[in-house]
Amino acid sequence: MPERKLSILWENDRGVVTRDVRDAGKKVIIDLQIDRAFRTICPDTVIREAFLNVLLTPCSEISEIRKRIAVLNECMRVPQMLDKLIELVRRIIMVKNTWDSERSRMYSTRRVNPQDKSSVLWAAREGLVLNAHFIRAANVHVHTICETLNMFGCIDGWLGEVREAAYALSQSSQAKEIGALAERIEKGLPSAHTYDVEFRFDAEMRSDPYFLRDFRYINSYERPQKKQKTTLFSSLFERAEREKKSAQPEKTAELPEIPKPTTRVEGVDSDWAFETAAKAVQETDRYLTGFLRAVIEKFSALENELYFYKAALQYVQRFDERNVKYTFPEFRDASENLIDIKNLSDVLLLTESMSVLSVIPNDVYFRSGNGETSGILVTGKNNSGKTVYLRSVGTAVLLAQCGLPIPCASAVISVRRRIFTTFAAAEGELIPLSSAGRFEEEVAAISQIIDAVEPSSLLLMNETFQTTAYDEGAEGMFHILNYIAAIGCGFIFVTHLLKLKELYGDNSSVEILKTSDSPQTRYKIGKLEA
Amino acid sequence: MSYPSFLWKKTLRECADTEEKIPENVLADLMLAGDMKNDTMNYFRKPCSAEEIPQRQGLFRILLSDDGFREKLKNIAEQLSELHRITGAFERSEHPTEQVMLFLPSLGHYLTLARMFAELKEYEGRAGEVGRYFAELCEEETFRKAEEDCGQMMKNRRSELLYTVRGNEVTASEGGEMLRDKLERFFGEMGIPEAIPNRKALLRSNDSTAAAYAGVYYGFHAATEQFYHKYVGIFLEGERDFRLTSSYSGEIGFLLDASDYFIRLREAGFPLTYPAVSSNREVVLNGIVDASLAKRELRGEDVVPNDLLMASEYREEKLAFYIVTGANGGGKTTFIRACGLAVLFFLAGCPVTAVSARIWPFEAIYTHFPANESFENSGRFVNEANRAEEIIEKTNENTFVLFNETYSGTDEQKSEHYSRRLADTMYERGVFGMFVTHIHSLTGSRIPTLAAVIDETDENRRTYKIKRVGATTSSFAEDILEKYRLDRNSLKKRLEGERHAGT
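Calculation rules
- Within any chain, residue numbers begin from 1 and follow the written order of that chain's sequence.
- Working convention: letters from A go to chains and numbers from 1 go to ligands, in the order in which they are written.
- Local features are withheld for residues below a pLDDT of 70 in this predicted model, meaning they are given only at 70 or higher, and side-chain atom pairs are given and counted only at 80 or more; totals for whole chains, interfaces and linings count all residues.
- The basis for the side-chain values is all heavy atoms of the structure; hydrogens and waters are excluded.
- The numbering of helices and of strands both runs from the N terminus, where a helix is a DSSP run of H or I of at least 4 residues and a strand a run of E of at least 2.
- Here's how the labels work: a residue is buried when its accessible area is under 20% of the maximum for its type, exposed when over 50%, partly exposed in between, all with a 1.4 Å probe on protein chains only.
- Contact between two residues is taken to exist if any of their heavy atoms lie within 4.5 Å; hydrogens are not considered.
- In this description, a line fitted to the C-alpha atoms serves as the axis of each element, helices being fitted only across the stretch in contact, and the angle between N-to-C directions of two axes falls anywhere from 0 to 180 degrees.
- Here is the rule for angles: anything less than 35 degrees is roughly parallel, anything more than 145 is roughly antiparallel, 65 through 115 is roughly perpendicular, and the remaining ranges are oblique.
- Two helices crossing with the near one rotated counterclockwise from the far one by less than a right angle form a left-handed crossing, whereas a clockwise rotation gives a right-handed crossing.
- In this classification, the charged set is Asp, Glu, Lys and Arg, the nonpolar set is Ala, Val, Leu, Ile, Met, Phe, Trp, Tyr, Cys and Pro, and all remaining amino acids, among them Gly, are polar.
- Stacked, tilted and edge-to-face are the three classes assigned to paired rings of Phe, Tyr and Trp, where Trp is represented by its six-membered ring and a pair needs centres within 6.5 Å; plane angles under 30 degrees give stacked, over 60 edge-to-face, the rest tilted.
- Only when the NZ of Lys or the CZ of Arg is both within 6 Å of the ring centre and within 35 degrees of the ring normal is a charge said to sit over the ring.
- Within this document, salt bridges are pairs made up of a side-chain nitrogen of Lys or Arg and a carboxyl oxygen of Asp or Glu, the two lying within 4 Å of each other.
- At least two DSSP bridges between two strands are required for those strands to pair.
- In this charge count, Lys and Arg are treated as positive and Asp and Glu as negative; neither His nor the chain ends contribute.
- In this description, the arc belongs to the directions extending from the helix axis to the C-beta atoms.
- By convention, the term buried area covers the 1.4 Å-probe accessible surface removed from two parts as they join, with the contributions of both added.
- Between N or O atoms, a polar contact is any pair within 3.5 Å; within protein, one atom must be a potential hydrogen donor and the other a potential acceptor, and residues adjacent in sequence are included only when both atoms are from side chains.
- Known as pLDDT, the predictor's confidence for each residue is given on a scale from 0 to 100.

**Student:** How should the overall build of chain B be read in this particular structure?
**Tutor:** Secondary structure summary: chain B contains 17 helices and 13 strands in total. Within chain B, the fraction of its 503 residues that count as buried is 52%. By sequence separation, contacts in chain B at least 24 residues apart represent 72% of the contacts at least 6 residues apart.

What follows is the structure, given as structure tokens:
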């Protein structure tokens, strides 16, 4: 099994998101006006876009959602940790950018004559030294990531995995050895005069590419350290140390090592020697480049993921500031097809309205099977809160499945495989110059959804099929809703198609809700009285 | 005895002289090109003798039914290619030190290969014969000793080398643990295996590097020299020179590639049969279908099968050479191609796409199909006539020949004259074959005629069957029109339909 890619958002790499999925996700976000709500919550465009990008593909695995919630909880506990991590990851990206620009500067400015092998070696050395320098630079930040997570006690879950990866790449014995190698290269290679080049001959007398194992160089002059004044204590310590040494038994003389057979390679000239050394340096460079790139890529990929949590944190902080009660829902398996939320408020209204007290919460409940409802029809007068109700449910399910809390008293939700929305298009939004009429375009949109819909999906429809004769629209919709229910999907349908009520008759598979007509209970939604 | 061949009842050495009796254009005319590798196709140009055909058929029977055998042959093919790669390096090497060292792995590969061949001894036919030859070889004391020595030498072999480069002085010494390996191990342990770059191509050694290696590992080199002198005379000279086994690559390649082709045909629903070698001059094909139709992704079941009876004498009639005529698109070319392929496959010891068959082992096949429109210095007719003339010269009663619309590049009178001459010559010589032509005056003579006629038994579809007929006067143009619903009746109906819709 391949190792899991380092991520604090996904259990498994979600791969490339296809254009269809991306477009469908965007449509849901726009229909539910989540983008608008987050324009207020998260003014930073880059962070908001990264957040909305994650919303395109909500999680469908409960374990994955729980892990996200765990990360978000850590961020809520110590918000400064998130900022620190973002800063460190940005620094790693900065190292990468500087590394790239330095390398391109190096390649563009140097003039190497390929015939002059000594200049080829010189250029190869320069490249390797540059890489070694940036390995050390990146290592500092990776090290700090590990320290930061340690300091804030993030040792479990996905953050724990980041900590482990950072440890492995900056503090493990292997990392230290690579760091020491990089340091040695940076300090010594520019003045190297002797190169140890290793390779292997296979049975067929073919050799691996040469690899630089070691090199020797002339140490630059170092000023001898001044002898410190001896104090009484230090002279006492020195004496004790001398005595201790003299007390140790002398080591037995070791047998002299048998010299390894060495032979001079005949028939080679200085060009050949320079070229061999250059090849070895270039090959080692390839390995260290691979290492540095892998380290940078591992952590730079976290940037957008951290932005998601940054926006999520701002969302929670917004609720905290406005004293809105919120909770993480309890998740159930997709097959239960359950939504049970008490006192759910609309996120957009909560973020935009002057007072959160003016936002009227509503309950939502349905579950399919066992004679219970699999969908909800919402009817009522204009401007009585039908669309807000639909939006609040959609937003709650989507955000919950992305690992965010939702503004309600309590919530139990089955994870949905997919979420679809169709909101009646305004005249201007229709495809220009299309030969099809409005109704046909609606039908086409519904047909696309029906093609893509999977069991345990959630469909949110707002005033669909009202672009034709109402009776015909209702008739058409009735069969579609029955189909949706039959394949095990839940739906909420806001409509003025009252004939649907007749068509359903006493059928209890659909709950018909109605917005309140009374000014005292405005925007409250309840069961339709017979 | 030298290495026995898989394909012929000869040794590999003798096989090198096997003549390609079937011209190259035959494979192209029968549309075999592209189905198999070029090297494989060449084997179809070397027909088997009457004795060899059943042996080769035996091989294909095992290949098409026993996956284990195929697997063994594939492994042998891989081992052969390894052996030849390294033997090539050995032969190309101009440096004695390197040659001596390359001999060791070459022989190692050969000894392994011999063991692999020996595993085939249980099989019947040629495969078993080759297997038993190698099994005997493996039992010999020299062979066993060579295996033992080779294993020991390979075990002692060290591969790491370290150059110390200082100015223009380069010294070589033993390698020890490699930093590259260490880094690769580290990257894996640190969870970044993607940091390991792709391995670059290996470099060939030269005089200096080979000498340096020999100098550092002088003990090992001295041992390889001894090994070389001990075994070179046994395995690199005379009948058992292991370089001779290179011919097996081609033979096994042919068997694997051709059997792949026939497996594909079988999976596409084409019937396969192993024709009997007839002792009389005859070609009897029942339910023959054109294997080249598989190219068009047709299923075998959807292809109309045909029958063919050719005999130098059948009920006091000479049925060796046929005139084939009939509707355009009625399947004449497909039919003669199917028959041609059947004879070609049969001569190569392969299965044939028919229900059952019996064929005389011909010496050669010739075909004359319309050529591409590229005639240098001469017109189409001259080109056709020249090609036909060459074929006519080579034919005899042991050859199978197919002419497809020959002499069509001239006026009717001239065409008829030449065609008649051709048909008569073939008939009189007793050559086996067919001549597709539109010249109806050729039909109805003493030369038997086959025609593409509508298959009355198939009620659902308009299909054609090739049948023996007397004289014919039409090319069944009406049938074609009907097929595309452009005939009188269809057009009438179509008109009525449109009127009906209009009202």
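**Student:** Hey, could you run me through the packing of helix 5 (residues 67-92) of chain B against helix 6 (residues 96-118) of chain B in this one?
**Tutor:** Working note: a packed helix pair is described by the angle between its axes plus the distance between those axes. Residues and elements named next belong to chain B. Here helix 5 crosses helix 6 at 160°, and the two axes come no closer than 9 Å. By the angle between their directions, the pair helix 5 and helix 6 is classed as roughly antiparallel. Judged by the sense of rotation from one axis to the other, the crossing of helix 5 with helix 6 is left-handed. In this structure, helix 5 contributes Asn75, Ile76, Gln79, Leu80, Glu82, Leu83, Ile86, Thr87, Ala89 and Phe90 to the contact, and helix 6 contributes Gln99, Leu102, Phe103, Pro105, Ser106, His109, Tyr110, Thr112, Leu113, Met116 and Phe117. Tallied by class, residues from the contact of helix 5 with helix 6 come to 13 nonpolar, 7 polar and 1 charged.

**Student:** Is there a simple way to explain the packing of aromatic side chains in this structure?
**Tutor:** Residue and element names in this part refer to chain B. The full count for this structure, using the stated rule, is 47 aromatic pairs over all chains. Ring plane angle 70° and centroid distance 6.5 Å describe the contact between Phe143 and Phe235, whose orientation is recorded as edge-to-face. Of this pair, Phe143 sits in helix 8 (residues 141-156) while Phe235 sits in helix 11 (residues 218-235), and the two are 92 residues apart along the sequence. For Phe143, a relative accessible area of 1% puts it in the buried group. Stacked on the ring of Tyr427, the Lys or Arg Lys318 has its end atom at 4.8 Å from the ring centre.

**Student:** What's the story with the pattern of salt bridges in this structure? I'm lost.
**Tutor:** Any two side chains of opposite charge can pair if their charged atoms end up close together. Within this structure, the stated rule accounts for 61 salt bridges over all chains. For A:Arg213, the salt bridge identified is with A:Glu198, shortest N-O distance 2.8 Å. Of the two residues, A:Arg213 sits in strand 3 (residues 211-217) while A:Glu198 sits in strand 1 (residues 192-200), which places them 15 residues apart along the sequence. According to the relative accessible area criterion, A:Arg213 is partly exposed, its value standing at 22%. Take A:Glu198: its relative accessible area is 0%, and that puts it in the buried class. Among the ionic pairs, A:Lys342 bridges to A:Asp340, the shortest N-O distance being 2.8 Å. Relative accessible area serves as the criterion here: at 36%, A:Lys342 is assigned to the partly exposed category. What emerges from the salt-bridge pattern is a single network uniting A:Arg200, B:Arg158, B:Glu160, B:Glu174 and B:Asp181.

**Student:** How do you make sense of the sheet that holds strand 11 (residues 432-436) of chain B when you look at a structure like this?
**Tutor:** Each strand in a sheet pairs with its neighbour through backbone hydrogen bonds, running either in the same direction (parallel) or in the opposite one (antiparallel). Residue and element names in this part refer to chain B. Pairing in this open sheet of 6 strands is mixed, and the strands run 9-10-11-7-12-13 from one edge to the other. Every interior strand has two partners, whereas the edge strands, strand 9 (364-368) and strand 13 (464-469), have only one. Direction aside, the axes of adjacent strands within the sheet are offset by 20° on average. The sheet contact formed by strand 7 (residues 321-326) and strand 11 spans 4 bridges and is parallel. When the sheet's bridge partners are listed, Phe321 is paired in strand 11 with Gly433. Packed onto the sheet, helix 13 (residues 332-347) meets strand 7, strand 9, strand 10 (399-404), strand 11, strand 12 (449-454) and strand 13 and runs at close to 155° relative to strand 10. Packing of helix 15 (residues 412-429) onto the sheet brings it into contact with strand 7, strand 10 and strand 11, and relative to strand 7 it is tilted by some 140°.

**Student:** Explain the side chain of B:Glu251 here, please?
**Tutor:** Residues and elements named next belong to chain B. Relative to the helices and strands, Glu251 is located in helix 12 (residues 246-267). Summary of buried charges: Glu251 has no salt-bridge partner, and the nearest side chain of opposite charge, Arg126, is 7.4 Å away. Other than its neighbours up to four places away in sequence, Glu251 contacts Ser5, Phe6, Leu7, Trp8, Leu12, Cys15 and Tyr43.

**Student:** Sorry, what's going on with helix 9 (residues 179-189) of chain B here?
**Tutor:** The periodicity of an α-helix, 3.6 residues per turn, causes residues three or four places apart in sequence to face the same way. What helix 9 of chain B keeps buried is the set B:Leu179, B:Arg180, B:Leu183, B:Glu184, B:Phe186 and B:Phe187. Taken end-on, helix 9 of chain B shows its buried residues confined to a sector of 160°, consistent with a single buried face. Here the buried face of helix 9 of chain B lies against helix 8 (173-188), strand 1, strand 3 and helix 10 (270-300) of chain A. Looking at the residues trailing helix 9 of chain B, positive phi occurs at B:Gly191, about 80°.

**Student:** Even after reading the chapter, I still don't get the interface of chain A and chain B, so can you show me in this structure?
**Tutor:** Many authors give the size of an interface as the accessible area that is lost as the parts come together. Each partner contributes to the interface: chain A provides 54 residues, whereas chain B provides 62 residues. Summing both sides of the interface, chain A and chain B together bury roughly 5,500 Å²; the carbon and sulfur share of this comes to 61%. In this assembly, chain A and chain B are joined by 8 salt bridges. Of the charged contacts, one joins B:Glu160 and A:Arg200 as a salt bridge, the two residues approaching to 3.9 Å between their closest N and O atoms. On the surface where chain A and chain B come into contact, there are 26 residue pairs in polar contact (both at pLDDT 80 or more). Looking at the side of chain A that touches chain B, the elements with two or more residues in it are helix 7 (157-170), helix 8, strand 1, strand 2 (206-207), strand 3, strand 4 (262-264) and helix 10 of chain A. With 13 residues, helix 10 of chain A is the single largest residue contributor to the side of chain A that touches chain B. For strand 1 of chain A and strand 1 (residues 160-166) of chain B, the ladder comprises 7 bridges, and the chain directions are antiparallel. Bridged to A:Val197 within strand 1 of chain B is B:Tyr163.

**Student:** Teacher, can you tell me more about the confidence of the model for chain A here?
**Tutor:** When pLDDT is low, close inspection of the predicted coordinates is not appropriate. Averaged over all residues, the pLDDT of chain A equals 84, while 87% of them reach at least 70. A low-confidence stretch, residues 426-436 of chain A stays under pLDDT 50, and its non-local contacts, those more than four residues away or across chains, total 8 contacts.

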